Amino acid sequence: MSTVAVIGGGATGLGVAWDLLLRGVGVVVIEKDEIAGGTSGRFHGLLHSGARYAVTDPVAARGCAEENAILRTIAPGAIAGVGGVFLGKESDSPEFGERWLAACESAGIAVKPAQLAAVRAEIPGLASDLAAAYRVQDAVLEGFRLLEMLVRAIQRLGGEVFERTRACGLVTEAGEVRGLTVESGGERRAIGCDAVVNAAGPWAGEVGGSWGGELTVRPSRGTLVIFANRHFSRVVNRLAPPGNGDIFVPHGRVLIFGTTDTGQESPEPPAPLREEVVELIRIGQEIFPALARWRVIRAFNGVRPLYQRGEMWRSSRELSRDFVVFEHSTAGGPKGAFSVIGGKWTTFRLIGEKVGDLVAGYLGVDRPSASRVVRIDPLPPKPSGGSSPIACECEGVTSAEVEGVDGSVTELRLRSWFAMGPCQGTFCAHRVLGMRDGAEGELTGLRAEREKGILPAAWGDNARMLSLQRSVRFQSLGEPWDG
Ligand SMILES: Cc1cc2nc3c(=O)[nH]c(=O)nc-3n(C[C@H](O)[C@H](O)[C@H](O)COP(=O)(O)OP(=O)(O)OC[C@H]3O[C@@H](n4cnc5c(N)ncnc54)[C@H](O)[C@@H]3O)c2cc1C
């Protein structure tokens, strides 16, 4: 059996690994941090209907529309079919609305006109000067859950997933890939394989830049704001060309609003900036006038791995949300080395299928892709806490759940969801981390990470709440004062 090493434990890498496994190809996934440590754990949470890109990016729009329908069937355990609306204002150009309707129709995206009164009844707090409303098939994509479902499905079929393991370089023999050098815990080793797929997202240029051919990735930062309450249960989009602050996604008990789009050199997400949050809040008030008074939990950002074709571009908004796949041997690189860049979370399965076609063809495997029909099992229900005491009140996490996770504090947070609720770990972090060895360093790291997202939104009531959190931590719980 052939084996493929896939670099990157985000949506793209796991989608590629899943597609190849279903064709009977062995896979090893290599992730330098934790699964979901990259952009796939730092996104808006929207399963796009495709309507957002219908006018500006019809190929990506069609891909989203088709994948939206497929994912609802194969991964219902990670999708909340809340539906979405596009809202136009009296001041918006009616010409764009007409173009948008025509573009949705030609991309096969279902759009239905809606009565404004009915939409107002479902979504409280809307601006009084709305002029148009349309319903679309937007849904909420539970990204962390779907990645965990994929990891379990991959392992069940015999695939291997190595976290905290960095891919360092290709091992080649007579111009063909024979392995991948990886580094983990300070030790280097080689993994034997017949092909390597670089699915390293914003880092794809760093990973595959020397494999042959020009791999131009344009990292583009998007900032998002999390509000403390869900506020409503539909995805709300602005009926306008893609821009800043045009999508609200109700996610679990919170509301995620964004985003921005700023090109940067580094693939790493920097701390969100106050001016980005201020700008988002300003724009959001055009749809929800009271939004400046909604409590912000924190801001965060992710980095889009956009692919740049040629030199003609002015801003990252102009770069396609579609994806490209490279076979490096076509540009003088070794045979069996592939890179994939771009796409959306919504289209991760489609990307997996296309990469799978190319890699399977190279390996001489003729079994077709099955990922559009094979169901990805939902996660097993959370074990009942029984008499185990509650460790995190906001998210109802029990001590037994915390003890059941063997991994870093980030893995613990993502698997149990502790410190993700309104108190952001103010109270529960002591209790939860106190159950682990080396808790002091973990506590400092968690506090620093959380404050990175709270500080850019800390004015008015949010600043007062941050002061209260700090009083609890430094005065009541006795954490060392950090100035
Ligand atoms: C702000 C924002 C909002 C978004 N919202 C949406 C949305 O609502 N809906 C939607 O469909 N899409 C959305 N997207 C797009 C979507 O999130 C991305 O397209 C998708 O997550 C990219 O996944 P990926 O696997 O390619 O990259 P990543 O998730 O970044 O995965 C790449 C992985 O490779 C690992 N890696 C890097 N170098 C190495 C190495 N040397 N060795 C081993 N591992 C390595 C990284 O640690 C990382 O985990 C959004 C993007 C952003 C930035």
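Located above this text is the structure these notes cover.
Residues numbered from 1 in each chain as written. Predicted model: local features only at pLDDT ≥ 70, side-chain atom pairs only at ≥ 80, totals over all residues. Heavy atoms only, no water.

A.B. asks: Looking at this model, I keep getting lost on helix H2 (residues 58-74). Mind explaining?
C.D. replies: Residues spaced three or four apart along an α-helix point in a common direction, a consequence of the helix completing one turn every 3.6 residues. With 17 residues, H2 ought to run about 24 Å at 1.5 Å a step, and its terminal C-alpha atoms sit 24 Å apart, in line with that. Looking at H2, one finds that the buried residues are Ala60, Ala61, Gly63, Cys64, Ala65, Glu67, Asn68, Ile70, Leu71 and Ile74. Against the buried residues of H2 lie strand E3 (46-47), strand E4 (79-80) and helix H8 (348-363). (Helix = DSSP H or I, 4+ residues; strand = E, 2+ residues; numbered from the N terminus. Expected span 1.5 Å × (residues − 1). Buried < 20%, exposed > 50% of the residue type's maximum accessible area, 1.4 Å probe, protein only. Contact = heavy atoms within 4.5 Å.)

A.B. asks: What is the right way to look at the packing of H2 against H8 in this model?
C.D. replies: The geometry of a pair of packed helices is captured by two quantities: the angle between their axes and the separation between those axes. At a minimum axis separation of 8 Å, H2 and H8 run at an interaxial angle of 100°. Classed by the angle they form, the pair H2 and H8 counts as roughly perpendicular. Residues Gly63, Glu67, Ile70, Leu71 and Ile74 of H2 lie in contact with H8, whose contacting residues are Phe348, Arg349 and Leu350. When its residues are assigned to classes, the contact of H2 with H8 shows five nonpolar, one polar and two charged. (Axes fitted to C-alpha atoms, helices over the stretch in contact; angles between N-to-C directions. Parallel < 35°, antiparallel > 145°, perpendicular 65-115°, else oblique. Nonpolar A, V, L, I, M, F, W, Y, C, P; charged D, E, K, R; others polar.)

A.B. asks: Honestly, the site of the ligand in this entry has me stumped. Any pointers?
C.D. replies: Near the ligand lie 37 residues; those nearest to it are Thr12, Glu31, Ser40, Leu46 and Thr346. In this structure, Ala11 approaches the ligand through a main-chain N or O atom, which is 3.2 Å from an oxygen atom. One nitrogen or oxygen atom from the main chain of Ala167 is found 2.9 Å from a nitrogen atom belonging to the ligand. Compared with its free state, where it exposes 1000 Å², the ligand has 97% of that area covered by protein. When contributions to the shell around the ligand are tallied by element, the ones reaching two or more residues are helix H1 (11-22), strand E10 (166-173), strand E14 (217-227) and strand E19 (296-307). A total of three residues in the shell around the ligand trace back to one element, the largest contributor, which is E19. (Near = heavy atom within 4 Å. Polar contact = N/O pair within 3.5 Å; in protein donor to acceptor, adjacent residues only side chain to side chain. Areas by Shrake-Rupley, 256 points an atom, 1.4 Å probe, with all protein chains shown as cover.)

A.B. asks: Help me understand the pairing of strand E7 (residues 130-136), please; the structure alone is not making it clear to me.
C.D. replies: For a regular strand, side chains alternate in direction, first toward one face of the sheet and then toward the other. Summarising the sheet, strand E5 (residues 84-89) and E7 pair through six bridges and their orientation is antiparallel. Bridge pairing in E7 places Gly84 opposite Val136. In this sheet, E7 lies alongside strand E6 (residues 112-113) in antiparallel orientation, the contact comprising two bridges. Looking at E7, one finds that Lys112 is bridged to Arg135. (Pairing = 2+ DSSP bridges.)

A.B. asks: How should I be thinking about the environment of Glu401 in this particular structure?
C.D. replies: By the element assignment, Glu401 lies in helix H9 (residues 399-403). Along the backbone, Glu401 and Thr3 are 398 residues apart, and their C-alpha atoms lie at a distance of 35 Å.

A.B. asks: Would you take a moment to explain the packing of aromatic side chains for this structure?
C.D. replies: Any aromatic ring pair is given by two values, namely how distant the centres are and how the planes are angled relative to each other. One pass over the structure, following the stated rule, counts 14 aromatic pairs. Plain terms: the ring middles of Phe144 and Trp417 are 5.4 Å apart, the flat faces sit at 65° to each other, and that makes the pair edge-to-face. Within this pair, whereas Phe144 is found in helix H5 (residues 143-156), its partner Trp417 is found in the loop between helix H10 (409-416) and helix H11 (428-433), the two being separated by 273 residues in sequence. Feature note: the residues Phe227, Phe232, Phe248, Phe257, Phe288 and Trp294 constitute an aromatic cluster, connected by ring pairs. Sitting over the ring of Trp203, Lys32 keeps its end group 4.1 Å from the ring centre. One residue, Arg189, lies across the ring of Phe162, its end atom 5.0 Å from the ring centre. (Phe/Tyr/Trp six-rings, centres within 6.5 Å; stacked < 30°, edge-to-face > 60°. Lys NZ or Arg CZ within 6 Å of the ring centre and 35° of its normal.)

A.B. asks: Just to check I follow, could you spell out the packing of H1 against H5 for this structure?
C.D. replies: With their axes 10 Å apart at the nearest point, H1 and H5 run at an angle of 30° to one another. Considered as vectors, H1 and H5 are oriented roughly parallel to each other. In this structure, H1 meets H5 at a crossing whose hand is left-handed. Only Leu147, Leu150, Val151, Ala153 and Ile154 of H5 make contact with H1, whose side of the interface consists of Ala11, Leu14, Ala17, Trp18 and Leu21. Across the contact of H1 with H5, the residue classes tally to ten nonpolar, no polar and no charged. (Left-handed = near helix turned anticlockwise from the far one by under 90°.)

A.B. asks: What should I look at first to understand the pattern of salt bridges in this one?
C.D. replies: A side chain with one charge can pair with a side chain of the opposite charge if their charged atoms come near. Applying the stated criterion across every chain, the model contains 32 salt bridges. In this structure, Asp33 engages Lys32 in a salt bridge whose closest nitrogen and oxygen atoms are separated by 3.0 Å. Taking the relative accessible area as the measure of exposure, Asp33 reaches 29% and is therefore partly exposed. The class for Lys32 is partly exposed, based on a relative accessible area of 22%. For Glu451, the salt bridge goes to Arg473, with nearest N and O atoms at 3.0 Å. Taken as a pair, Glu451 in helix H12 (residues 439-454) and Arg473 in helix H13 (residues 460-476) lie far apart in primary sequence, 22 residues in all. For the residue pair Glu451 and Arg473, the accessibility class agrees, reading buried in each case. Look at the salt bridges and you will find they share partners, linking Glu34, Glu163, Arg164, Glu411 and Arg415 into a network. (Salt bridge = Lys/Arg side-chain N within 4 Å of Asp/Glu carboxyl O.)

All we've got here are geometric facts, nothing functional implied.
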